[in-house]
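# Structural overview
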Amino acid sequence: LMTLARRCRQLGVKVLISFNGKHDTYSRMVSQKSTREVFISSVMGIVEEYGLDGVDNDWEYPSTKNGSAQGNLYLMREFSNILHAPNVNKLLTAAIVPGKYEGSNSNGILQETFDCVDWFNIMTYDDFSTSVPGIHHSPMSLMEVAYNYWIVKRGLPTHKFVGGIPIYGRASGITQSGTTMTYKSILAQGGSPDENSAWVTSSSYNGGNTPYEVFYNGRPLVREKTRFCIDKGLGGVMFWEAGQDTHDDTSIIKTAYDEA
């Protein structure tokens, strides 16, 4: 991490520490000011030790079912007070659901949280089915649904919406785990950078003897999503995740960058 942070500083790239873990652990932590203080102090110690540029909340997810939504608001407000102080001036971000299935997780991001956070990484992917084949986990329509939920319905400031783009593919209609595949692995098996699905094999699925269809984002779809975010005046796009990308003209990140 020290090596990465040092190199990123040389390149003018910001690095944030992201936290994630079991829901119950975070629910208990945010429920009391004393435990929130211990957690915030620990995270800020990492930020200071490694010279990082801020903090990302990737809880997945605070909920309205058990009071953790309110606790998350307290946590983010307390982080914001520290990170956004004039003498600190660091970033605070959060990863949240697209809002297609409105309920305890989407509503778990309370309205007051909007003011605390510099931007939200909207996870517009992983909308798949283990029982129904042919469902793309990250189509253009999911980005549009997320925009309508967070911007139109919830009133999130447009510049705080950062649309998510996957650099991996998911199968649909398959219950067996291990069928997700990185973009670079899909292309290595003959998938096209300009299509959104391909037939692949994986050693995790029937010993690699049975091809299955995997759905992903190719270059035209990435350009379309990036253009959508530009035209709507949104904060940008983000990716999960860079290590799954190629390093040539087929690159998903390069495709979005060139469009932007």
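Everything in this summary refers to the structure shown in the same document. (Residues numbered from 1 in each chain as written. Predicted model: local features only at pLDDT ≥ 70, side-chain atom pairs only at ≥ 80, totals over all residues. Heavy atoms only, no water.)

### A look at empty space enclosed by the protein
- Taken as a whole and assessed by the stated rule, the structure comprises 1 cavity of 30 Å³ or more.
- Each pocket or cavity is described by its volume, and for the largest cavity that value is around 70 Å³.
- It is strand β3 (residues 91-96) that contributes the most residues to the lining of the largest cavity, 3 residues altogether.
- Class assignment of the residues belonging to the lining of the largest cavity gives a composition of 7 nonpolar, 3 polar and no charged. (1 Å grid on protein atoms, 1.4 Å probe; cavity = no way out; pocket = protein on both sides within 12 Å on 5 of 7 lines; lining within 4 Å. Points joined across faces, edges and corners; volume = space filled by probe spheres on them. Helix = DSSP H or I, 4+ residues; strand = E, 2+ residues; numbered from the N terminus. Nonpolar A, V, L, I, M, F, W, Y, C, P; charged D, E, K, R; others polar.)

### Some points on the packing of aromatic side chains
- Inspection of the entire model under this criterion finds 13 aromatic pairs.
- Measuring from centroid to centroid gives 6.1 Å for Y125 and Y168, while their planes differ by 70°, and the two rings are edge-to-face. Of this pair, Y125 sits in the loop between β4 (119-122) and α5 (140-153) while Y168 sits in strand β6 (residues 168-171), placing them 43 residues apart in sequence.
- You can call Y168 buried: its relative accessible area is 6%.
- Each ring, one from Y147 and one from F228, has its centre 5.7 Å from the other, and the planes form 85°; the classification is edge-to-face. With Y147 in helix α5 and F228 in helix α7 (residues 219-231), the pair connects residues that are 81 residues apart, well separated along the chain. Accessibility classification places Y147 together with F228 in one group, the buried group.
- The structure contains a cluster of three or more aromatic residues connected by ring pairs, namely F19, Y26, F39, W59 and F79. (Phe/Tyr/Trp six-rings, centres within 6.5 Å; stacked < 30°, edge-to-face > 60°. Buried < 20%, exposed > 50% of the residue type's maximum accessible area, 1.4 Å probe, protein only.)

In short, the description is geometric, and any link to function would need to be established separately.
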